[in-house]
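Report on the structure
Residues per chain, in single letters:
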Amino acid sequence: MKPILVAGATGNVGSQVVAQLRARDVPVRPLSRTPPPGGVSGDLTKPETIAPALDGVDTVFLMLAGSAEALVPTVSLLGERVKRVVFLSSAAVDDSVAEQDNAIGAWHRVVEEAIEAAGVDWTFLRPHGFAANTLGWAPSIRADGVVRGAYGEASLPLIHEKDMAAVAVEALTGDGHAGAKYSLTGPRAMTQIEQVRILGEAADRPARWEEIPLEEARAALLAKTPDFIVDTMLTGMRDLMTEPGEVTTTVQDVTGRPGLDFEVWAAEHAGAFR
């Protein structure tokens, strides 16, 4: 059996893809700028560093690293060397429009289009909110048990990285996934206020949400995130105030088991919030 190349192998999702493939005794070649034991070094924005890692490989798990445009030459290389690519994209991509009006969707669609043009069998994973994004609240919860932000009533179904990886593993190793665009969510939507409470309960450290003015919340986010992402995120959260995020059954449909609740994620990561 040929090894599967897993890009972003030290990240939240990539590391889970590696672990779950190994649990099935599938040969894996982890790829990262700083690779884990048994892995290979490479930079997805520099195809010449990726080429050696593709020897003997015909299946690749790919994710965005750096700018979308910088990844396109590597995608072209994959088209010459491999047969199957599973790409961790985003639910922000909207197939109903010719030109993406969501900055995050546009970012990921550039890579999707390059993969479609590369002539490989492809599967796109389009997750909604990541449960792991709430790790950004950990310093505030540890400090005083208060998370300050805008749109606390925004409701979305956060997905566990293990579930994203589980769907990826099926697409990497099984049949019938070519051309699929999988919309991935957790099993239920919950407000940001609820998320904070659940994290506090898991960490045995009571935590609460504090609503602050939008401009104050935006300024805090801009300190660590590019403006086009911040504004897209805040617009999305505003919309989720009145229309909760859609829940899909894709995890169950593809893997045969229910998706993991946010409470499971919170319990597994409780140490980060204590």
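The following refers to the structure shown. (Residues numbered from 1 in each chain as written. Predicted model: local features only at pLDDT ≥ 70, side-chain atom pairs only at ≥ 80, totals over all residues. Heavy atoms only, no water.)

1. Some thoughts on the pattern of salt bridges
In plain terms, the rule: Should a side-chain nitrogen of Lys or Arg be within 4 Å of a carboxyl oxygen of Asp or Glu, the pair is scored as a salt bridge. Working definition: helices are DSSP H or I runs of at least four residues, strands are E runs of at least two. Numbering for both runs from the N terminus.
Per the stated rule, a full pass over the model turns up 19 salt bridges. As a salt-bridge pair, Asp231 and Arg218 come within 2.6 Å of each other at their nearest N and O atoms. Of the two residues, Asp231 sits in helix α9 (residues 227-242) while Arg218 sits in helix α8 (residues 214-222), which places them 13 residues apart along the sequence. Taken together, the shared-partner salt bridges connect Asp95, Arg109, Glu112, Glu113, Glu116, Arg126 and Lys181 into one network.

2. What to know about the sheet that holds strand β6 (residues 121-127)
Strand pairs in the sheet, formed through backbone hydrogen bonds, run parallel or antiparallel to each other. As a reminder, the rule being used: Strand pairing follows a simple DSSP-based rule, namely that at least 2 bridges must link the two strands. Should any heavy atoms of two residues lie within 4.5 Å, those residues are considered in contact. Think of each axis as a best-fit line through the C-alpha atoms, taken over the contacting stretch in the case of a helix, with angles from 0 to 180 degrees between the N-to-C directions.
Pairing in this open sheet of seven strands is parallel, and the strands run β3-β2-β1-β4-β5-β6-β9 from one edge to the other. Only two strands of the sheet have a single neighbouring strand rather than two, namely β3 (40-41) and β9 (181-184). Helix-sheet contacts for helix α3 (residues 68-81) involve β4 (59-63) and β5 (84-88), and the interaxial angle to β4 is about 170°. Contacts from helix α4 (residues 103-117) reach β4, β5, β6 and β9, with the element oriented near 165° to β6.

3. Looking at the packing of aromatic side chains
How we decide: Only the six-membered ring of Trp is used, alongside the rings of Phe and Tyr, when aromatic pairs are assigned; centres must lie within 6.5 Å, and planes under 30 degrees apart are stacked while those over 60 apart are edge-to-face, with the rest tilted. A 1.4 Å probe rolled over the protein chains alone gives each residue an accessible area, and that area as a share of the maximum for its type sets the label: buried under 20%, exposed over 50%, partly exposed in between.
For the coordinates displayed, the defined rule picks out six aromatic pairs. With a centroid separation of 6.3 Å and 85° between ring planes, the pair formed by Phe87 and Phe124 is classed as edge-to-face. Of this pair, Phe87 sits in strand β5 while Phe124 sits in strand β6, and the two are 37 residues apart along the sequence. Given the relative accessible area of 0%, Phe87 is considered buried.

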